[in-house]
Amino acid sequence: MVEKVKLILFFLLPLILFGAEDKVSLQLVWKHQFQFAGFYIAKEKGFYKEVGLDVELKEHNPSVHVVEDVLSRKSTYGIGRSSLLIERSRGKPVVVLSAIFQSSPSVLITTNKEILSPKDLKNKKIMITPDETDSVSTTAMLLENGIKSEDFIRLKHSYNYRDLIDNNTDAMACYISNEPYFLEKASVDYTVFYPKDYGYNFYGDLLFTSEKELTEHPQRAKDFNNATNKGWLWAFEHIEESAKIIYEKYNTQNKSLEALIYEGKKLKELALMHEIPFGHVCVDRFSEIAKIYKLLGFMKEHDLESFVDPLKFNKEEIKIGVLAKRGSRTATKRWDSLAVYLNKELHLYEVKIIPLNFDAFEEAVKEKRIDFIITNDMNYVLLEHEYGVTRIATYMNLDSKGSHSLKEYGGVIFTRSDNNTIETIEDIEDKKFAVVNEDSFGGWIMAYEELKAHGVGKNNLKLSYHDTHDNVVRAVLEQKADAGTVRTDVLESMADSGDINISDIKIINQKLYEDFPYLVSTKLYPEWPLAKLEHTHDRVSRDLLSKLLSIDFEKNPELFESGGWGVPSDYSSVHTVLRKLRIAPYDVSHIELSEILHEYIVYIYAIAFIFFAIIGRFLYINKINKYLQTYNKKLSINVKRRTKELEKANEKLKLLAQTDALTGISNRAHFMDIANIYFDIAKRNVSSLQVLSLDLDFFKQINDTYGHQAGDIVLVTFVEEISKLLRKSDIFGRIGGEEFCIVLQNTSRKGALSFAQRICKTIENTSVDFEGEKIKFTVSVGVADLEGEKSMLELIKKSDKALYKAKESGRNQVHI
């Protein structure tokens, strides 16, 4: 009997230890509906099971406080809203893992036709949720429109859309994915006020857990998050099928299948926005939300790094392989500051620098273990030929004084200063010559070209390979080699760090180039390229490149050592030297007639056969050479063509980064850059400076009445008409939706007022024809002149106040 028990335990124990699924639970914030579809799908489709999780989905219970439930570990995970930030600031250790909706579905809806804007809600009845922290975006929108808490009648929320139809309330806090469906079914007209249209763009549902869960079970949290994201993406890709699953298995509210499908389509628009990966959460976005909470007195300053996705579950990983020319440690030290900068600037990505030696580099590219490469010219040409990598930028080396930004480098040939046997290149023949590697462009190929030009061939050297540039220098100084070669800047860098004394070095065949500060013995070639692999998405390349091209070294001095970046250089000179030296990919060998005769000299009895073989071989080689010439010509043309294309693309990218996509004038960021310059000039020269804040009157009504296409046409026409009135020195920018700003130099207060009135008159006489209807519109203008303001932002705020007074005074007018 005992033996049988042992045998049963022997087979059951592994199942008990390894086969059981990890039980976790998720507390939902509302009743079952499409709002939680991703979780249902992850459970029903087995995504949770695939990662060893048995997940219990707990429907909303009014008696359960979700945050306390998660912190007490009654539930492993929970759904919260942006107000989790307030809980965190009050000492509750909650951690946000991902955002289900990039914008909150919470809106304010009215069926009262007399209410055209939030300002019309004064002294009206509004149903808002009792929890003030959950309704901050709505109350902030009302405050923005001059409606304080005492200016409206707050009703207890019934969560019943019929109260809108029956006029029991003038407005109701709703979900854009829910109540509008029922109002449309009842053929009731309604107006929606979106808090995000007024600058209050909060996150929607947030997946969160406790710090303790994340610390004790980081892999479980990651698995749950990733399986959940997989479930959501599946749900949004198959909305009708997902709605059917909810309808059949989770429909505690008895919603119709049609209502669930409607909800799914609306929520998809809020979850998958622009090119933001699903689930992404951003510290900067929470910082903006925190400012609103602080302004309303809900929280004080608080660190957000440990609150927002601290383990980076929802960041797309970018791996940049860097050729470790001076060893992994030196490469890491040099490039880590760039990774830190990129991780700070690129909110959607987690950037990692991967130092690789020559042997590991090609393998990493071949196996797609990296997404971008920073490597020497020769290595790039080989990888371009073999794996289709594409350069997107060229490195710019900054010298130690910061006086030069170099897009070229060379090789330096050197020996010890006390070595009297080597004075010229010719003296190196038959000597021990230290190089980095046969594939090192700066640490061998450049010098090889120079040596060969002076009659010193590879067979006339005793080559030794040392893997890194630093090792080559040490080999020469320690007399393990008579001479050696490294890329320019290595000797100076080692001297600056105290590793060598430059006086111990003697340069062979030294050359001088204008504005080139380093010791050099060879021709100069383009600096290292940054290239993308074929599998890397163009979106990622574009985002990475935009940050590299806009590095400000004054604000980021730590990036000085890692250098700057510019548009891709022309690498045709690299192709030329590789072709001349017959180095891959131009390494097809010539076979000489004399070699063939010598090989078959002992077979004189077959001389006739050898003769025809020689002719055949000769014709074959000639054909190969012609092919190579054609191939080389095409390759050179393609290299130049691609370089021009990349230069044009980069110019277009810079233009797109500065202009508003719809109207073609300066966007907010570019406008502020130029405006700040104008401000500084005016302050320095004690000259006049005028700012005009412009806002289209009742623009939302145009959108609601005629649609966004008509609104876009109005905005474009508005900009075109005003642009005709501007001088070349005036700057004009789009600050927000229908908000614009103009800065006037050297204009009097009276002149600015006259100009603003001319704008109002011009716009009042302007109209847009849209689908047979003539749309008229007007503009309100606030004017402010520079007095004692300390910044352009203060001056703009001053003109904004004037604008609001123009609005309050009846619109279509100027206030100064």
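Structural data are supplied above this passage.
The residue count restarts for each chain, going from 1 along the sequence in the order it is written. Confidence filtering applies because this is a predicted model: local features only for residues at pLDDT of at least 70, side-chain atom pairs given and counted only at 80 or more, and all residues used for totals across whole chains, interfaces and linings. As a rule here, side-chain values cover all heavy atoms of the structure and leave hydrogens and water aside.

What characterises a pair of aromatic rings is the spacing of the ring centres plus the angle enclosed by the ring planes. Between the rings of Phe, Tyr and Trp (Trp by its six-membered ring), a pair exists once the centres lie within 6.5 Å; its type follows the angle of the planes, with under 30 degrees stacked, over 60 edge-to-face, and the other angles tilted. One pass over the structure, following the stated rule, counts 27 aromatic pairs. Consider the rings of Tyr48 and Phe224, whose centres lie 5.1 Å apart with planes at 5°: the pair is stacked. One end of the pair, Tyr48, is in helix α3 (residues 47–50); the other, Phe224, is in helix α10 (residues 218–237), with 176 residues separating them in the sequence. As far as the burial class goes, Tyr48 and Phe224 line up, both buried. Ring pairing ties together the aromatic residues Phe34, Phe39, Phe101, Trp232, Phe236 and Phe278, which thus form one cluster. The helix count covers DSSP runs of H or I at least four residues long, the strand count covers runs of E at least two residues long, and both are numbered beginning at the N terminus. Any residue under 20% of the maximum accessible area for its type is buried, any over 50% is exposed, and the rest in between are partly exposed; the area is computed with a 1.4 Å probe on protein chains only.

In this section: the nonpolar core. The definition of a nonpolar core used throughout is a set of buried Ala, Val, Leu, Ile, Met, Phe, Trp, Tyr and Cys residues joined through side-chain atoms within 4.5 Å. Formed by 88 residues in total, the largest nonpolar core has its most connected members in Ile320, Phe441, Trp565 and Leu578. Examining the composition of this core, we find that 7 residues originate from one element, helix α17 (residues 441–453), more than from any other. In this description, contact between two residues means that some pair of their heavy atoms is separated by no more than 4.5 Å. The residues touching Ile320, leaving out its near neighbours within four places in the chain, are Leu342, Val351, Lys352, Ile353, Ile354, Phe372, Ile374 and Leu544. Counting 53 residues, the second-largest nonpolar core is a separate cluster that includes Leu26, Val95, Phe101 and Ala227.

Next up on the list: the packing of α10 against helix α11 (residues 239–249). A fitted line through C-alpha atoms serves as each axis, taken over the contacting stretch for helices, and the angle formed by two N-to-C directions is quoted from 0 to 180°. Axis separation between α10 and α11 bottoms out at 5 Å; the angle between their running directions is 110°. Relative to α11, the element α10 is oriented roughly perpendicular. Facing Trp234, Ala235, Phe236 and Glu237 of α10, the residues of α11 in contact are Ile239, Glu241 and Ser242. For this classification, under 35 degrees means roughly parallel, over 145 means roughly antiparallel, 65 to 115 means roughly perpendicular, and everything else is oblique.

Points on a 1 Å grid, built from protein atoms alone, make a cavity when a 1.4 Å probe fits but cannot get out and make a pocket when they are open with protein on both sides within 12 Å along at least 5 of 7 lines; residues with an atom within 4 Å of a point are the lining residues. Grid points are joined across faces, edges and corners, and a volume is the space filled by probe spheres set on the points. Approximately 1,900 Å³ is the volume found for the second largest pocket. For the second largest pocket, the lining is made up of 42 residues, of which Glu345, Ser546, Lys547, Ala657 and Ala669 are closest to its centre. Elements represented by at least two residues in the lining of the second largest pocket include exactly α13 (283–295), α14 (328–345), α20 (538–549), α23 (607–658) and α24 (668–685). Per-element accounting of the lining of the second largest pocket gives the leading share, 7 residues, to α20. Among the residues making up the lining of the second largest pocket, the classes are represented as 15 nonpolar, 13 polar and 14 charged. Asp, Glu, Lys and Arg are counted as charged, while Ala, Val, Leu, Ile, Met, Phe, Trp, Tyr, Cys and Pro are counted as nonpolar; the rest, among them Gly, fall into the polar class.

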